[in-house]
Amino acid sequence: MRPCFAAIAGLLAILAVSASSTPQTAAAPPARPTLKVGVSLAQTGPDARWGVPMLRGVELAVDEVNRGRGAGGYTLETVLLDSGASKGDTLSRQHMVATHYERWIADPAVIAVIGPQTSAEGRAVAPLLSRA
């Protein structure tokens, strides 16, 4: 039986040498271009109890798309801006959220937004989104 083991060992050695000497022709896949998605959800303050789990859902969805073929061949990237405030919906919070949306509208790489989280924020950004 020893000759059989020697023959198998020799064959494995030949395969190992030939496999290691074979040039690798597979190149790394080219990087996909990136599209940004703005996300305006409360990560701080009293509304974070809803915003944090919503963000986790967004992140899971984006990760799933990016692990596959991407979105039409593009990689998605989220751009999170915290819409949280220490108090509920206030005029200053609405102004802050509107500023977030103005920033995204000015960035041609941002192709979509997720949010706003509350109705008051929605009223503040609806005119901006209509014009955009």
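Refer to the structure above for everything that follows.
Keep in mind it's a predicted model, so treat the numbers as computed, not measured. (Residues numbered from 1 in each chain as written. Predicted model: local features only at pLDDT ≥ 70, side-chain atom pairs only at ≥ 80, totals over all residues. Heavy atoms only, no water.)

**Focus on the overall build of the protein**
So, step 1. Regarding its fold elements, the protein presents 4 helices and 3 strands.
So, step 2. Taken from the N to the C terminus, the helices and strands of the protein come in the order α-β-α-β-α-β-α.
So, step 3. By the burial criterion, 25% of the 132 residues in the protein qualify as buried.
So, step 4. Considering only contacts in the protein between residues 6 or more positions apart, those separated by 24 or more positions represent 71%. (Helix = DSSP H or I, 4+ residues; strand = E, 2+ residues; numbered from the N terminus. Buried < 20%, exposed > 50% of the residue type's maximum accessible area, 1.4 Å probe, protein only. Contact = heavy atoms within 4.5 Å.)

**Here we look at the packing of aromatic side chains**
So, step 1. The final tally for this structure, using the stated rule, is 1 aromatic pair.
So, step 2. Ring centres of Y101 and W104 lie 5.1 Å apart, and the angle between their planes is 75 degrees; on these two criteria the pair is classed as edge-to-face. Taken together, the positions of Y101 and W104, both in helix 3 (residues 91-106) and 3 residues apart, correspond to about one turn of that helix. Just as Y101 is buried, W104 falls in that class too. (Phe/Tyr/Trp six-rings, centres within 6.5 Å; stacked < 30°, edge-to-face > 60°.)

**Comments concerning the nonpolar core**
Note that soluble globular proteins tend to have their nonpolar side chains buried in a common cluster.
So, step 1. With 9 residues, the main nonpolar core is built from V79, L81, V97, A98, Y101, W104, V110, V125 and L128.
So, step 2. Secondary-structure elements contributing two or more residues to this core are strand 2 (75-82), helix 3 and helix 4 (119-131).
So, step 3. Top contributing element to this core by residue count: helix 3, with 4 residues.
So, step 4. Ignoring anything within four residues of it in the chain, the contact list for A98 reads A124, V125 and L128. (Core = buried A, V, L, I, M, F, W, Y, C linked by side-chain atoms within 4.5 Å.)

**Side note on the sheet that holds strand 1 (residues 34-41)**
So, step 1. Spatially, the 3 strands line up as an open sheet ordered 2-1-3, and their pairing is parallel. A single partner strand is all that each edge strand has here, and the edge strands are strand 2 and strand 3 (110-114). For this sheet, the mean inter-axis angle between neighbouring strands, taken without regard to orientation, is 25 degrees.
So, step 2. Summarising the sheet, strand 1 and strand 2 pair through 8 bridges and their orientation is parallel. (Pairing = 2+ DSSP bridges. Axes fitted to C-alpha atoms, helices over the stretch in contact; angles between N-to-C directions.)

**Focus on helix 2 (residues 48-67)**
The α-helix winds at 3.6 residues per turn, so residues separated by three or four positions along the chain end up facing the same way.
So, step 1. Taking 1.5 Å per residue, 20 residues should reach 28 Å; helix 2 reaches 28 Å between its end C-alpha atoms and fits that length.
So, step 2. When we look at burial in helix 2, the residues that qualify are A48, G51, L55, V58, V62 and N66. Down the axis of helix 2, the sector holding all buried residues measures 85 degrees, keeping them to one side. Across from the buried face of helix 2, at angles greater than 90 degrees, the exposed residues are R49, L60, E64 and R67.
So, step 3. On its buried side, helix 2 packs onto strand 1, strand 2 and strand 3. (Expected span 1.5 Å × (residues − 1). Arc of directions from axis to C-beta.)

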